[in-house]
Amino acid sequence: MGVVNVTPDSFSDGGSWFDRDKAIGHGLDLVAAGADVVDVGGESTRPGAQRVTLEEELRRVVPVVSALAADGVPVSVDTMRAEVAEAAVGAGARLVNDVSGGLADPAMARVVAAARVPYVVMHWRGHSHDMYSRAVYADVVREVRDELLRRVDALLGEGVDPSMIVLDPGLGFAKNPASLDNWALIAHLEALTGTGHPVLVGASRKRFLGKLLAGSDGTPRPFAGSDDATVAVTALAAAAGAWCVRVHRVAPNADAVRIAAAVRAARGAGPGSDGGEPRG
Ligand code: PMM
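Read on for an overview of the structure. (Residues numbered from 1 in each chain as written. Predicted model: local features only at pLDDT ≥ 70, side-chain atom pairs only at ≥ 80, totals over all residues. Heavy atoms only, no water.)

Brief notes about the overall build of the chain
Across its full length, the chain holds 10 helices and 8 strands. Since a compact globule built from 280 residues should have a radius of gyration of about 19 Å, the 18 Å found for the chain is in line with a globular shape. Its C-alpha atoms put the chain at 65 × 50 × 40 Å along the principal axes. By sequence separation, contacts in the chain at least 24 residues apart represent 63% of the contacts at least 6 residues apart. Put simply, the chain shows about 12,200 Å² of open surface, and 55% of that area lies on carbon and sulfur atoms. Separation between the mean location of the 28 positive side-chain charges and that of the 34 negative ones in the chain comes to 2 Å. (Helix = DSSP H or I, 4+ residues; strand = E, 2+ residues; numbered from the N terminus. Rg over C-alpha atoms; globule rule 2.2 N^0.38 Å. Contact = heavy atoms within 4.5 Å. Areas by Shrake-Rupley, 256 points an atom, 1.4 Å probe, with all protein chains shown as cover. Lys, Arg positive; Asp, Glu negative; His and termini not counted. Charge placed at Lys NZ, Arg CZ, Asp CG, Glu CD.)

Here's what the structure looks like:
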C-alpha cells in the first residue's frame with residue numbers, strides 16, 4: 001500500500017502531494033513502483049495535529065480518489081469520517097482505512113457494512129492532539145489485541161462482515177516512541193495474525209524509527225532518513241505474516257515483501273513442516 005497524503009502538514013512527507021495533480025501523479029507513480037493499492041488521505045494524523053473540517057477533507061480527497069480509480073488504480077481512503085468514506089467509495093475507492101477503527105465516527109460502521117468493502121480497523125485511543133498521554137500500558141501487546149477485538153465485536157454488532165475486517169496495531173498512535181511499545185507489537189505480530197483477520201502494518205517513516213536511529217548526540221534521524229529502516233520492518237512484518245504494509249517508498253518495500261514471501265514459502269516446504277518432503 002503506497003501513501004498519498006493530500007495534506008499540507010503530514011509529518012512524513014511534509015505537504016509534497018497537497019496539490020491535486022501532484023497527488024494524482026504520485027499515486028500513479030506508486031502503482032508503477034509496485035503498489036497493489038494507493039491509500040489517499042486528506043487529514044494529517046501527526047502527533048499534535050488539529051482536525052480539518054469535513055468540507056476540506058472531502059475537497060482534498062474525493063477528486064484524487066476519483067481520478068485514480070478512473071485510471072484503474074485500486075484506491076483506499078484513509079479517513080475517520082463516515083461521510084468521507086461514503087463519498088470516496090462512491091468515487092471508486094475499494095477499501096476504507098480508518099485509523100480510529102470506527103471510534104471517531106459512530107456512523108462509520110453502517111457505511112462500511114453497506115459498502116461491503118474491506119475495512120482497516122487500526123488500534124487507536126484518541127485524536128492526535130493528545131495521543132501520547134494515552135500511551136500507558138501494562139502489557140501493550142495484550143491490550144492492543146484486546147481493544148481491537150472489542151472493536152471487531154462492536155463492528156459485527158453493526159452488521160460489518162467479519163471477512164472484510166483487517167486489523168492494524170497502529171504503530172506510533174498512542175504508543176510511546178521512546179519505549180518498547182512499537183517494537184513489542186512488531187515482535188509479537190502473531191497476537192494479531194492469530195485472530196484470523198488479515199493484518200496491516202504502518203511503520204513507514206514513523207518517529208520510533210527515527211528515535212532508534214538517532215545520532216550519537218541523540219538527534220532523531222529525519223523522517224525520510226528512515227526509509228531503509230522501514231524496509232527492514234516490512235521484511236520482518238511480512239515474514240511474520242502481515243497481509244499488507246503501508247509505506248511511502250514503494251519499490252524497496254515491494255522487494256522486501258517478495259523476499260519475505262519466498263522465505264515463507266521455503267519455510268513451508270522445508271524439513272519438518274507439513275508443506276513438503278523433508279530433505280537431506
Ligand atoms: N499511519 C498513518 C496514517 N494512516 N493508516 C493505517 N492503517 N496504519 C497506520 O499506521 C497509519 C495510517 C500516519 O502516517 P503518515 O502521516 O505518514 O501517513
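Structural notes on the packing of helix α2 (residues 54-70) against helix α3 (residues 82-90)
Running from amino to carboxyl end, α2 crosses α3 at an angle of 20 degrees, the nearest separation of the two axes being 9 Å. By the angle between their directions, the pair α2 and α3 is classed as roughly parallel. Of the two elements, α2 crosses α3, and the hand of that crossing is right-handed. Only Glu 83, Val 84, Ala 87 and Ala 88 of α3 make contact with α2, whose side of the interface consists of Leu 54, Glu 57, Leu 58, Val 61, Val 62 and Val 65. Tallied by class, the residues present in the contact of α2 with α3 amount to 8 nonpolar, no polar and 2 charged. (Axes fitted to C-alpha atoms, helices over the stretch in contact; angles between N-to-C directions. Parallel < 35°, antiparallel > 145°, perpendicular 65-115°, else oblique. Left-handed = near helix turned anticlockwise from the far one by under 90°. Nonpolar A, V, L, I, M, F, W, Y, C, P; charged D, E, K, R; others polar.)

A few points about the pairing of strand β3 (residues 75-78)
By the alternation rule, side chains of β3 split into Val 75 and Val 77 and Ser 76 and Asp 78, which are all buried. By the bridge criterion, 4 bridges tie strand β2 (residues 38-41) to β3 in an arrangement that is parallel. Among the inter-strand pairings, Val 38 is bridged to a residue of β3, identified as Val 75. Where β3 lies against strand β4 (residues 95-98), 3 bridges are found, and the strand directions are parallel. Looking at the pairing, Ser 76 lines up with Leu 95 of β4. (Buried < 20%, exposed > 50% of the residue type's maximum accessible area, 1.4 Å probe, protein only. Pairing = 2+ DSSP bridges.)

A closer look at α3
Within the span of α3, buried status applies to Ala 82, Val 84, Ala 85 and Ala 88. The buried side chains of α3 occupy one side of the element, clustering within an arc of 160 degrees when seen end-on. Looking at the buried side of α3, the elements it contacts are α2, β3, β4 and α4 (108-115). (Arc of directions from axis to C-beta.)

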